[in-house]
Amino acid sequence: MPMNLIETIQQARNVSRPLIYVWTWDPGSLIQRLMDSDALKSADHNEDVAVIRWDIADGVQPLGAEHGPGVVALNNNLHRISHQPPAQGQMANLQAKQLLTATRSPFAALTLFEHFPEDSIAFFIVLSPTEFFKDPTVIQKISSLRDTLKANGRMLFLLGPHHELPAALAHDFLVLNDPLPTHAELERIVLSRAEDVKVDNPDMVIPSTEDIALAADSMQSLTTFEAETAIAMSFKYIGDNIGIDYAELREQRYCKIDEIPGLKVWRDSEDFDTLKGVDGAKDELLLYAHNLKKRPGGVIYIDEIDKVFSGGIDGGDNTGTADHFLRALLMLLDEIGDMAFLFLGIPGTGKTAISKALGSYIHRPTIAMNMDEMLSKFLGESQGNQHRAFATARAVTGNSPIIIASCNRDSHLPSSLMRRMATRFFFDLPGRPEKDQMWESKIKIHGLEDQPLPSDERWTGYEINVACKKASLVNRTLIEAARSVIPIASTRWDEVCQMREFAHGKYVCARTGQPYVNGSSSDTEIATQTDRKIVVKKERGH
């Protein structure tokens, strides 16, 4: 069985590994877990050791007992960052406050820790790694401390978000990842909070095992601190009894996910029954939803994935962000097997709607992933954002998502990615029968009366919905509402034609579920024009 994080740190302690960088979203929780464990004990396990923490706001602060080793070591060495001898009496307190303020400088804090006694521990909370590593003297100081710390069992921890270490330090640090709480840990948080609530409300019934598990499900992807806060806010009066408001709990989680660059949970749901013209793709997705051995934990939707690589793998991207995104995606695809789909088609043809409908159908969230929003102007932060986005998406979906990626063309997609997304659908413009179904459905949804329809040549389901929605909002006929609707296919007709050629023989038709054949839609388009002439005659005689 692999070691957990605390056990790994204990092992590093035993072999005098002095420099450790832990990727964590919750440094405070990690420090507390380490302080509560035996991982920070001295080599003989008989004595407490000096422990300090540093951050850019408060500088160096001792941890542990009020008059413990951390306080003693700090007081004994503060003068080392000053060019003055230790002060006496009342001046000593003033000097100490001034010197503690000076330790906000990471270089000064490192200099101070250099003189701490053996087996000492220093936690440096580095929430902005780019700024922390910007100073070359900090990099040099850490490098020079490696052998000094190792010689007498001291350890320096850097705690912060995912970030690539400077090349000069890359081989000196043991890099570890602090995972999000497990389902069992979340269950313990729920039970602990329930017991606290019952102290003030003796008549409250402790949630059942099933209810606790459901609450833990609703908190997947939250850090320990976030989970503790979320469950505390979710115990409410439901009728005459106190219970867990699961909707509130899920919404708190979704809000936290939305704060992560590049991720968004779709709240607006779609229904498979209202989707028209995509029966082939719908049947395939339902086949997966019903027959997978492990129930899908959610849907990850990556829109226009070809743009990720148009400037990356094939386009000369020298920042490494496209390569990093690809590695993370391939690793996830290898783990989930065949639960991945590639959708080709212009906007409005149903790619997004069917992805939302799938999430609604399996009663699991659909998460939109956008790499552009993960990019940062600061070196290394883009990869950190990607790391957090994928880790969160994994946690939300229980490491068993269905992945759907859309594209406008697949020529930019790496062969390694194409090989893993063997199920591919082409979403063509809807034909006459599909448009008639869409009109009927949207007219009903928007509460409109039966009436003559406008010309809808080259329209997608999106334009049909826009026209119906506009007619409902401003109390106009569909023909009047449609006058300001310009179909996107008309503005990108060359692209539509190219996609049809591109999809020929390589994609399955989302409408029929059969291999797509270019030219099969031309008769549909002619029929569409003929039908519109009939409607126009009806309109003129109306």
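Numbers given for residues are sequential positions, taken from 1 along each chain in its written order. Thresholds applied to this predicted model are a pLDDT of at least 70 for local features of residues and 80 or more for the giving and counting of side-chain atom pairs; totals over whole chains, interfaces and linings are not thresholded and use all residues. As a rule here, side-chain values cover all heavy atoms of the structure and leave hydrogens and water aside.

So what's going on with the confidence of the model for the chain? Which residues, and what values?
Residue-level confidence of the predictor is summarised by pLDDT, bounded by 0 at the bottom and 100 at the top. Here the chain shows a mean pLDDT of 89. Residues at 70 or above account for 90%. Every residue in residues 522-542 scores below 50 in pLDDT, and together they form 21 contacts with partners more than four places removed in sequence or on other chains. In this description, contact between two residues means that some pair of their heavy atoms is separated by no more than 4.5 Å.

Go over the packing of aromatic side chains with me, naming the residues and quoting the values.
Side-chain rings of Phe, Tyr and Trp (the six-membered ring for Trp) are treated as a pair once their centres are within 6.5 Å; stacked means planes under 30 degrees apart, edge-to-face means over 60, and tilted covers the remaining angles. Per the stated rule, a full pass over the model turns up 13 aromatic pairs. With a centroid separation of 5.8 Å and an interplanar angle of 55 degrees, the aromatic rings of Trp-54 and Phe-132 are classed as tilted. Placement of Trp-54 in strand E2 (residues 51-55) and of Phe-132 in helix H6 (residues 129-132) is noted, with a sequence separation of 78 residues between them. The residues Trp-54 and Phe-132 share a single accessibility class, namely buried. Each ring, one from Phe-426 and one from Tyr-516, has its centre 4.7 Å from the other, and the planes form 70 degrees; the classification is edge-to-face. Placement of Phe-426 in strand E14 (residues 423-426) and of Tyr-516 in the loop between strand E15 (508-509) and helix H23 (522-541) is noted, with a sequence separation of 90 residues between them. One aromatic cluster is present, built from ring pairs that chain together Trp-54, Phe-124, Phe-132 and Phe-133. Sitting above the plane of the Trp-25 ring, Arg-388 keeps its charged end 4.9 Å from the centroid. Where helices and strands are cited, they refer to DSSP runs of H or I of at least four residues and of E of at least two residues respectively, numbered from the N terminus. Exposure categories follow from relative accessible area, calculated using a 1.4 Å probe and restricted to protein chains: below 20% of the type maximum is buried, above 50% is exposed, and the middle band is partly exposed. A ring is considered to have a charge above it if a Lys NZ or an Arg CZ atom is located within 6 Å of its centre and within 35 degrees of its normal.

An account of the sheet that holds strand E11 (residues 340-344) is needed here, citing residue identities and associated values.
Pairing between sheet strands relies on hydrogen bonds along the backbone, with the strands arranged either parallel or antiparallel. Two strands are counted as paired when DSSP detects at least two bridges linking them. Strands sit in the order E9-E12-E10-E13-E11-E14-E15 across an open sheet of 7 strands; the sheet is mixed. Lying at the two open borders of the sheet, with one neighbouring strand each, are strand E9 (263-265) and E15. Inspection of the sheet shows E11 paired to strand E13 (residues 401-407) by 5 bridges, in the parallel sense. For Phe-343, the partnering residue across the bridge sits in E13 and is Ser-406.

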